[in-house]
Amino acid sequence: MEHIVEILNSIGDFFAVVFKFAPKFDQAIVYTLELSVFSILLGTVIGLVVTSLKLTKLKWLQKIADVYISIVRGTPLLLQLYFIFYGLPLIGLNFDALTSAIIGLAFHNGAYISEIFRGAIVSIHYGQDEAARALGMTKIQAFFHVILPQAVKQSVPVLGNQFIIAIKDSSLASVITITEITLTARQFSAATYNPFPILFVAGVYYYIMITLLTKLLQWVERRLSVNER
Amino acid sequence: MNDKVMIKLVGLHKSFDELEVLKGIDLEVHEGEVISVIGASGSGKSTMLRCINFLEKKNKGDIYIDSKLIKKSSHDINTLRAKVGMVFQTFNLFPHKTVLKNVMIGPSVIKKADKIKAKEKAMELLRNVGLEEKADVYPAMLSGGQQQRVAIARAMAMDPQVLLFDEPTSALDPELVGEVLQVIDELAKSGMTMVIVTHEMGFAREVSDRVVFLHEGKIEEIGTPTEIFENPKSERLQSFIASIW
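Residues numbered from 1 in each chain as written. Chains lettered and ligands numbered in written order. Predicted model: local features only at pLDDT ≥ 70, side-chain atom pairs only at ≥ 80, totals over all residues. Heavy atoms only, no water.

Tell me what's going on with the nonpolar core, and back it up with residues and numbers.
All names here are of chain B. Within the largest apolar cluster, 47 residues are counted, with the highest numbers of intra-cluster contacts made by I7, L9 and L164. When residues no more than four places from it in sequence are discounted, the contact partners of L164 are I7, L49, I52, N53, V84, G85, M86, V87 and V195. Within the second largest apolar cluster, 41 residues are counted, among which are V137, I152, M192 and M194. (Core = buried A, V, L, I, M, F, W, Y, C linked by side-chain atoms within 4.5 Å. Buried < 20%, exposed > 50% of the residue type's maximum accessible area, 1.4 Å probe, protein only. Contact = heavy atoms within 4.5 Å.)

Right under this line is the structure:
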């Protein structure tokens, strides 16, 4: 009996801390959202550009795209962020922490997103391109009117996955001094010597964001699949 | 059919790496003429057809459309393709567009046609193939035969001077073959110039003005359906005919 009371008490204490600190994450949430949204949008733009480079017939442009993708995929994001924030100033390129983080995350996501787009494009049956070209379309017309719309639709589920990863990866920006959710949680933990309720709060915030994004993506997917049956 | 030559192939050669598929094809197709191309698998029927609109790049030889020599420039090729429609074995409709949009896409993208006119015309073409009521559905909701009829309407929307058919009924369930052949037959009667690669011998015999028998990349025999099917001269054609009846 005494034991049960003890447990109930500690649960009570736990949630007292949770509710005390939950509202104090407002600025942190803004940072995390900023990092996520910008790295996703910029990453998508970079992804489109890099995919285009890979689809050109110019070997040296393809090569640039290949080198970029292999560097991003071949090294940890954490190191990439360190490099941009602490390394680039050594050659005179100074960015503030937030800009560095957004550049780093977008640069990172762009490589994966470009591979997602490329995979979706090559998955479109060649008969589609042939049918468009046989009507008299130029390569570019066939690409924009026939291939790309189908590829975008095709890529949504995988792209969504990458967007979710992007939200979680934004937590790595904590290592370059940005007080987004993760770093904020660490600071509160250090101040209170009571890390678990605070990390719990951080986890709940990530979970809510990702769940909302997932719902949004499911909606988009449903909208896009109207022509399937 | 008249004397005007619509397609002229001179010494057409095509190889895929080591494999020589077309070994010198000479053929003239007149305006309004319907030509069926028959032959065993691998005889080069489809390759010949695909060379005519440059979906395959010929290695040697000349192609004239409407008396104009087609060069390899992309401008020439795109212009040629707008004049020469193609219908594929696997339909290749655009799944992300409705039936109506499939038919409209050629004129609106390539000829920048007026939207309202393009739509009117597309509806008329759909009426001709009996699919007016399917205008707003997506291709995935149609049967194979219906899809192929839409594909024919899509090709017709560009006002082609020639239509090429690459085994238009080979991917269809047997009960759906008839509706597609009927549409092709109506086009033939309307005076459309057509080259049809087919395995439907009965249809080839009925609809064609001339039949081409290809064997190992060469025209082995060419003649009227009666000549080809009832009086085959070459031994190979005789045994081909014997094998399919």
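A description of the packing of helix 2 (residues 26-55) of chain A against helix 3 (residues 59-74) of chain A should follow, citing residues and the corresponding values.
All names here are of chain A. Contact geometry of helix 2 with helix 3 gives a least axis separation of 7 Å together with a crossing angle of 135°. When the axes of helix 2 and helix 3 are compared, the pair comes out oblique. Viewed along their axes, helix 2 and helix 3 form a crossing whose handedness is left-handed. Across from I46, V50, L53 and K54 in helix 2, the residues of helix 3 making contact are L61, Q62, A65, D66, Y68 and I69. (Axes fitted to C-alpha atoms, helices over the stretch in contact; angles between N-to-C directions. Helix = DSSP H or I, 4+ residues; strand = E, 2+ residues; numbered from the N terminus. Parallel < 35°, antiparallel > 145°, perpendicular 65-115°, else oblique. Left-handed = near helix turned anticlockwise from the far one by under 90°.)

Hey, could you go over the interface of chain B and chain A for me, with residue numbers and the actual values?
Contact residues are listed per partner, giving 26 residues for chain B and 20 residues for chain A. Carbon and sulfur atoms make up 61% of the surface buried where chain B meets chain A, a total of about 1,900 Å² over both sides. At the boundary of chain B and chain A, one finds one salt bridge. Where chain B touches chain A, the interface holds six residue pairs in polar contact (both at pLDDT 80 or more). When contributions to the side of chain B that touches chain A are tallied by element, the ones reaching two or more residues are helix 2 (74-83), strand 6 (84-87), helix 3 (99-110) and helix 5 (144-156) of chain B. Among the elements that line the side of chain B that touches chain A, the one with the most residues is helix 3 of chain B, at four residues. Looking at the side of chain B that touches chain A, its residues break down into 16 nonpolar, five polar and five charged. (Buried area = accessible area lost by both parts, 1.4 Å probe. Salt bridge = Lys/Arg side-chain N within 4 Å of Asp/Glu carboxyl O. Polar contact = N/O pair within 3.5 Å; in protein donor to acceptor, adjacent residues only side chain to side chain. Nonpolar A, V, L, I, M, F, W, Y, C, P; charged D, E, K, R; others polar.)

Help me get a handle on the pairing of strand 9 (residues 210-215) of chain B, residues and values and all.
All names here are of chain B. Summarising the sheet, strand 3 (residues 34-38) and strand 9 pair through four bridges and their orientation is parallel. Bridge assignment links V37 to a residue of strand 9, and that residue is V212. In the sheet, strand 9 pairs with strand 10 (residues 218-223) via five bridges, with the strands oriented antiparallel. By the bridge assignment, H215 is partnered in strand 10 with K218. (Pairing = 2+ DSSP bridges.)

I'd love a proper account of unusual backbone geometry, names of residues and values included.
All names here are of chain B. Positive phi values are uncommon outside glycine, yet D66 reaches one of about 55°. As for its position among the elements, D66 is in the loop between strand 4 (60-65) and strand 5 (68-69). On the basis of relative accessibility, which here comes to 23%, the residue D66 falls in the partly exposed class. We note that N92 has phi near 55°; this positive angle belongs to a residue other than glycine. In this fold, N92 is placed in the loop between strand 6 and helix 3.

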